[in-house]
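Given next are the chains, with one letter for each unit.
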Amino acid sequence: MTHAADIDRIHEEVTRRNPGEAEFHQATREVLSTLAPVLAKRPHYLDLKMIERICEPERQIIFRVPWQDDRGQVHINRGFRVEFNSALGPYKGGLRFHPSVNLGIVKFLGFEQIFKNALTGMPIGGGKGGADFDPKGRSDAEVMRFCQSFMTELYRHLGEYTDVPAGDIGVGGREIGYMFGQYKRITNRYESGVLTGKGLAWGGAQVRPEATGYGLIFFVEQMLAARGGSLDGRRVVVSGSGNVAVHAIAKAQQYGARVVACSDSAGYVVDESGIDVDLLRQVKEVERARLSVYAERSPSARYVGGGSVWDVPCEVALPCATQNELDEAAAAELVGNGCRLVAEGANMPTTAAAVEVLRSAGAAFGPGKAANAGGVATSALEMQQNASRDSWTFERSEAKLAEIMRDIHARCFEAAEEYGRPGDYVLGANCAGFVRVADAMHDLGVV
Ligand code: GLU
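The rules behind each value
Residues numbered from 1 in each chain as written. Predicted model: local features only at pLDDT ≥ 70, side-chain atom pairs only at ≥ 80, totals over all residues. Heavy atoms only, no water. Near = heavy atom within 4 Å. Polar contact = N/O pair within 3.5 Å; in protein donor to acceptor, adjacent residues only side chain to side chain. Areas by Shrake-Rupley, 256 points an atom, 1.4 Å probe, with all protein chains shown as cover. Helix = DSSP H or I, 4+ residues; strand = E, 2+ residues; numbered from the N terminus. Core = buried A, V, L, I, M, F, W, Y, C linked by side-chain atoms within 4.5 Å. Buried < 20%, exposed > 50% of the residue type's maximum accessible area, 1.4 Å probe, protein only. Contact = heavy atoms within 4.5 Å. Salt bridge = Lys/Arg side-chain N within 4 Å of Asp/Glu carboxyl O. Phe/Tyr/Trp six-rings, centres within 6.5 Å; stacked < 30°, edge-to-face > 60°. Lys NZ or Arg CZ within 6 Å of the ring centre and 35° of its normal. Expected span 1.5 Å × (residues − 1).

A. View of the site of the ligand. Lys-92, Lys-116, Gly-167, Asp-168 and Ser-379 are the nearest of the 14 residues found near the ligand. In this structure, an oxygen atom belonging to the ligand sits 2.7 Å away from a side-chain N or O atom of Lys-92. Between an oxygen atom of the ligand and a side-chain N or O atom of Lys-128, the distance comes to 3.0 Å. Coverage of the ligand by the protein amounts to 94% of the 300 Å² it exposes when considered alone. Elements that contribute at least two residues to the shell around the ligand include exactly β3 (91-97), α6 (103-119) and α16 (374-387).

B. Main features of the nonpolar core. One finds Tyr-294, Leu-318 and Ile-408 to be the most contacted residues of the largest nonpolar core, which totals 61 residues. For this core, the element with the highest residue contribution is helix α9 (residues 211-226), accounting for nine residues. Among residues more than four places away in sequence, those in contact with Ile-408 are Leu-119, Thr-120, Phe-219, Ala-370 and Ala-373. Of all hydrophobic cores here, the second largest spans 42 residues; its members include Ile-10, Leu-35, Tyr-45 and Leu-46.

C. Molecular detail of the pattern of salt bridges. For the structure shown, the criterion picks out 32 salt bridges. For Arg-174, the salt bridge goes to Glu-175, with nearest N and O atoms at 3.0 Å. Judged on exposure class, the residue Arg-174 and its partner Glu-175 are both buried. Close ionic contact of Arg-281 with Glu-285 constitutes a salt bridge, the shortest N to O distance being 3.0 Å. Taken as a pair, Arg-281 and Glu-285 lie in helix α11 (residues 277-286) at a separation of four residues, close to a single helical turn. By relative accessible area, Arg-281 is classed as partly exposed at 32%. Looking at Glu-285, the relative accessible area reads 33%, which means it is partly exposed. Through salt bridges with shared partners, one network takes in Glu-356, Arg-359, Arg-421 and Asp-424.

D. Structural detail: the packing of aromatic side chains. One pass over the full model with this rule turns up 19 aromatic pairs. Taken together, a centroid distance of 5.7 Å and an interplanar angle of 70° make the contact between Tyr-45 and Phe-434 edge-to-face. On the criterion of sequence distance, the pair formed by Tyr-45 in helix α4 (residues 44-47) and Phe-434 in helix α18 (residues 425-444) is long-range, its members being 389 residues apart. Both residues of the pair, Tyr-45 and Phe-434, belong to the buried class. Measuring from ring centre to ring centre gives 5.3 Å for Phe-180 and Tyr-190, while their planes differ by 70°; the resulting arrangement is edge-to-face. Here Tyr-190 lies in the loop between α8 (173-187) and α9 and Phe-180 lies in helix α8, a separation of ten residues in the sequence. Above the face of the Tyr-419 ring, Lys-41 is positioned so that its terminal group lies 5.4 Å from the ring centre. The ring of Trp-392 carries the charged tip of Arg-396 above its face, separated from the ring centre by 4.0 Å.

E. Quick look at the side chain of Thr-34. Its place among the elements puts Thr-34 in the loop between α2 (22-32) and α3 (36-41). Classification of Thr-34 as buried rests on a relative accessible area of 9%. Engagement of the side chain of Thr-34 in a polar contact is seen with the backbone oxygen of Val-31, the distance being 2.7 Å. Here Asn-430 takes part through its side chain, which lies 3.1 Å from a polar atom of the side chain of Thr-34. Those residues within four positions of Thr-34 in sequence are excluded, and the remaining contacts are Val-426, Leu-427, Asn-430 and Cys-431.

F. Summary view of helix α7 (residues 140-154). Helix length check: α7 (15 residues) gives 21 Å between terminal C-alpha atoms against 21 Å at 1.5 Å per residue, within 8%. Among the residues making up α7, those that are buried are Glu-142, Val-143, Phe-146, Cys-147, Ser-149, Phe-150, Met-151 and Leu-154. Buried residues along α7 sit in contact with β1 (59-68), β2 (74-85), β3, β4 (126-131) and α8.

Dropping the structure here:
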């Protein structure tokens, strides 16, 4: 049997054992389908059932999260934490609060996180969690009560050497604060390293809020440099308008790019003079308002309700919103309009069919597990600072992040060459990440 056939068999079994988890099937297929050249060089992985072991989470926790709204009405949400792989370090990965969250989504995110974290070269395993709670329209007090209830169950599974959550969609500094407060109260420990993304006054690290977006742009600069170019003067479109998007836009503009559009779940804005990051942050972060408000306040902007931000012509497209937001039709539209590079700020925003369209058009594609790893890498720096009771300057932290992103790019680039597909960052990221985890698992025995 060829290795491709082994991989198909293993993926069929993963699909059968995890019914109804479409995003998990998609994420595992994306990784497994690139591993044949790794098996060719390391056939002992097959006997050790390395792929099957990596696809099976070490532990999955599902729990009830009851809470009361401001009118006293009782709500029940479902909380998750999937502790996927701890071969390289404590489980590490964010918490997502969004109505779409279910076990399949958390497992796809946790699976991606294993390889992303491995690519950073840092001592962090992979995990992910969250709840199907919708923070939209909720008061601060309601969000606080929800976070407290969530942590009242989750705390027993966490610890700086065990499992270290952070933010993701719907979980930012405010939510991390409420969860850290509750953890501290229940355990009577000021255990700074148990969560990352903390506020600067209580154990947080410089550059953590900016890190995913900044890291994405550092990665894109490396991709463009490898093709003899740079971001300077490029026309860029970003999807989303949350934490990742905002900081990606700001950093891209520092590199001389013109970011002409961004979006939220209701529509998108086009601003030919370049997105005004201060106004965007005022609308989205301070007022927690819709993006249409940006267009009302900016004379150079127009708002398009509904539709697709990928219809806006650009040379560089950066999906920074959510999974499967850039499909085959959108990819065809992008390349038809001259787009030459797509890099993922979000987790799995590009469908497999869309990646295929980009590949056949010769556009460069940077997968999220490499391109957006700056966030979790800076979380690992936060853990490092917490462990040594130190805090670094902004400049030192940003320089370290830039170095980490350069290294990740080099790892992917070199692995793509080693495994026979030069320039294929998907294959490079998957193979380099997988080998680092699998080699550690090999050394730790069958556990
Ligand atoms: N949620 C982020 C990610 O997708 C960050 C995780 C972390 O900092 O632990 O990588």
